[in-house]
Amino acid sequence: MGGARAVWDAHAATFDDEADHGLRDPAVRAAWATLLSAALPAAPVSVVDLGCGTGSVSVLLAEAGHRVYGLDASAGMLDVARDKAGRHGVTVPLVLGDAADPPFAAASFDVVLARHVLWALPDPAAVLARWSALLRPRGRLVLVEGRWSTGAGISAADCASLVRRNGREAEVLALRDDALWGKTVTDERYLLLSRG
């Protein structure tokens, strides 16, 4: 993990340059706000953003009135997230840790959210079991993933199968709206929603 941590630390200063990472463009930010508000219960609920990176989604959800915790393995990413939360006037507790094995008690959250994280973790079935255990009764698992043109990622079919193996339902929504990405995309990108 140390090598990966160093890579993400090195990218922290420029990570938000991608429109869907930084959510700086008002149209991109609005598209993500609309998408996530439809996937989450009405605010306020407790949300953990696993692999939160620079905290763009954490801050967006905190601005919507949710109680959000962010977790990332990169101290550099968390520094950017902390600064971003301060600039936006929201409180987002940030934890340095491994998204594959989050250091939170079982049944701690109403929503477990991970965006472009699961595909990069070893043993995603075990990871999903740990993430599901973090949910309170009727909690929601919200995954934003994809199978990118580079060949990296996880297909919607494979992700849904893994979620169902953990005894959870899985609804998949294709994310074809270019406004989410700030550009035209042709690869597979989706939101998987699993309601408890």
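See the structure above.
Just so it is clear, the structure is predicted and the values come from calculations on it, not from any experiment.

A. Representation of the overall build of the chain in the model. Counting secondary structure elements, the chain contains eight helices and seven strands. Relative to its length of 196 residues, the chain is compact, with a C-alpha radius of gyration of 15 Å against a globular reference of 16 Å. Overall size of the chain, expressed as C-alpha extent along the three principal axes, is 40 × 40 × 35 Å. A total of 196 residues make up the chain; the buried ones form 51% of that total. The long-range fraction of contacts in the chain, counting pairs at least 24 apart against all pairs at least 6 apart in sequence, stands at 68%. Within the structure as shown, the chain displays about 8800 Å² of accessible surface, and the carbon and sulfur contribution to it stands at 54%. Averaging the locations of the 20 positively and 23 negatively charged side chains of the chain gives two centres separated by 5 Å.

B. Structural view of the layout of surface pockets. Reported here for the largest pocket is a volume of approximately 970 Å³. If you trace the largest pocket, you find 37 residues lining it, with Trp-8, Arg-115, His-116, Val-117 and Trp-119 closest to the centre. Those elements that provide at least two residues to the lining of the largest pocket are α1 (2-11), α2 (19-22), α4 (56-63) and β4 (109-115). Among the elements that take part in the lining of the largest pocket, α1 stands out by supplying three residues, more than any other. Considered as a void within the structure, the second largest pocket measures approximately 170 Å³ in volume. If you go around the second largest pocket, you meet 14 residues; those closest to its centre are Asp-16, Gly-22, Arg-24, Lys-84 and Arg-87. Listing elements by their share of the lining of the second largest pocket, those giving two or more residues are α4 and α5 (75-88). Tallying contributions element by element places α5 first for the lining of the second largest pocket, with five residues. A per-class count over the lining of the second largest pocket returns five nonpolar, three polar and six charged.

C. Local environment of the nonpolar core. With 33 residues, the main nonpolar core has Trp-32, Leu-36, Val-47, Leu-61, Leu-113, Val-142 and Leu-191 as its most contacted residues. Examining the composition of this core, we find that six residues originate from one element, helix α3 (residues 26-39), more than from any other. Listed in part, the 28 residues of the second largest apolar core include Leu-71, Val-117, Leu-134 and Cys-159.

D. Summary view of the packing of α3 against α4. Following both chains from N to C, one finds α3 and α4 inclined at 65°, their axes separated by 11 Å at the closest point. When the interaxial angle is binned, α3 and α4 end up roughly perpendicular. Relative to α4, α3 is oriented so that their crossing is right-handed. Between α3, through Arg-29, Trp-32, Ala-33 and Leu-36, and α4, the contact on the second element is made entirely by Val-57, Val-59, Leu-60, Leu-61 and Glu-63. Looking at the contact of α3 with α4 residue by residue, the class counts come to seven nonpolar, no polar and two charged.

E. Seen up close, the side chain of Asp-187. With respect to the helices and strands, Asp-187 occurs in the loop between α8 (178-181) and β7 (188-195). On the basis of relative accessibility, which here comes to 18%, the residue Asp-187 falls in the buried class. For Asp-187, the side chain forms a polar contact with the main-chain nitrogen of Ser-149, separated by 3.1 Å. Polar side-chain contacts of Asp-187 include one of 2.7 Å to the side chain of Arg-189. Excluding anything up to four places from it in sequence, Asp-187 contacts Arg-147, Trp-148 and Ser-149.

F. Looking closely at the packing of aromatic side chains. Counting across every chain of the model gives five aromatic pairs. Consider the rings of Phe-104 and Phe-109, whose centres lie 5.2 Å apart with planes at 90°: the pair is edge-to-face. Of the two residues, Phe-104 and Phe-109, both sit in the buried class. Arranged with centres 5.3 Å apart and planes meeting at 70°, the rings of Trp-119 and Trp-148 form a pair that is edge-to-face. Within this pair, whereas Trp-119 is found in the loop between β4 and α6 (124-133), its partner Trp-148 is found in the loop between β5 (135-147) and α7 (156-165), the two being separated by 29 residues in sequence. We classify Trp-119 as partly exposed; its relative accessible area is 36%. Among the residues examined, Trp-148 registers a relative accessible area of 15% and is labelled buried. These aromatic residues form a ring-pair network of at least three members: Tyr-69, Phe-104 and Phe-109. Cation over ring: Arg-115 sits above Trp-32, and NZ or CZ is 4.7 Å from the ring centre. Here the guanidinium or amino end of Arg-189 rests over the ring plane of Trp-181, the centre of that ring lying 4.6 Å away.

Cut-offs and rules
- Residues numbered from 1 in each chain as written.
- Predicted model: local features only at pLDDT ≥ 70, side-chain atom pairs only at ≥ 80, totals over all residues.
- Heavy atoms only, no water.
- Helix = DSSP H or I, 4+ residues; strand = E, 2+ residues; numbered from the N terminus.
- Rg over C-alpha atoms; globule rule 2.2 N^0.38 Å.
- Buried < 20%, exposed > 50% of the residue type's maximum accessible area, 1.4 Å probe, protein only.
- Contact = heavy atoms within 4.5 Å.
- Areas by Shrake-Rupley, 256 points an atom, 1.4 Å probe, with all protein chains shown as cover.
- Lys, Arg positive; Asp, Glu negative; His and termini not counted.
- Charge placed at Lys NZ, Arg CZ, Asp CG, Glu CD.
- 1 Å grid on protein atoms, 1.4 Å probe; cavity = no way out; pocket = protein on both sides within 12 Å on 5 of 7 lines; lining within 4 Å.
- Points joined across faces, edges and corners; volume = space filled by probe spheres on them.
- Nonpolar A, V, L, I, M, F, W, Y, C, P; charged D, E, K, R; others polar.
- Core = buried A, V, L, I, M, F, W, Y, C linked by side-chain atoms within 4.5 Å.
- Axes fitted to C-alpha atoms, helices over the stretch in contact; angles between N-to-C directions.
- Parallel < 35°, antiparallel > 145°, perpendicular 65-115°, else oblique.
- Left-handed = near helix turned anticlockwise from the far one by under 90°.
- Polar contact = N/O pair within 3.5 Å; in protein donor to acceptor, adjacent residues only side chain to side chain.
- Phe/Tyr/Trp six-rings, centres within 6.5 Å; stacked < 30°, edge-to-face > 60°.
- Lys NZ or Arg CZ within 6 Å of the ring centre and 35° of its normal.

Functional significance is not addressed by these values, which are geometric in nature.
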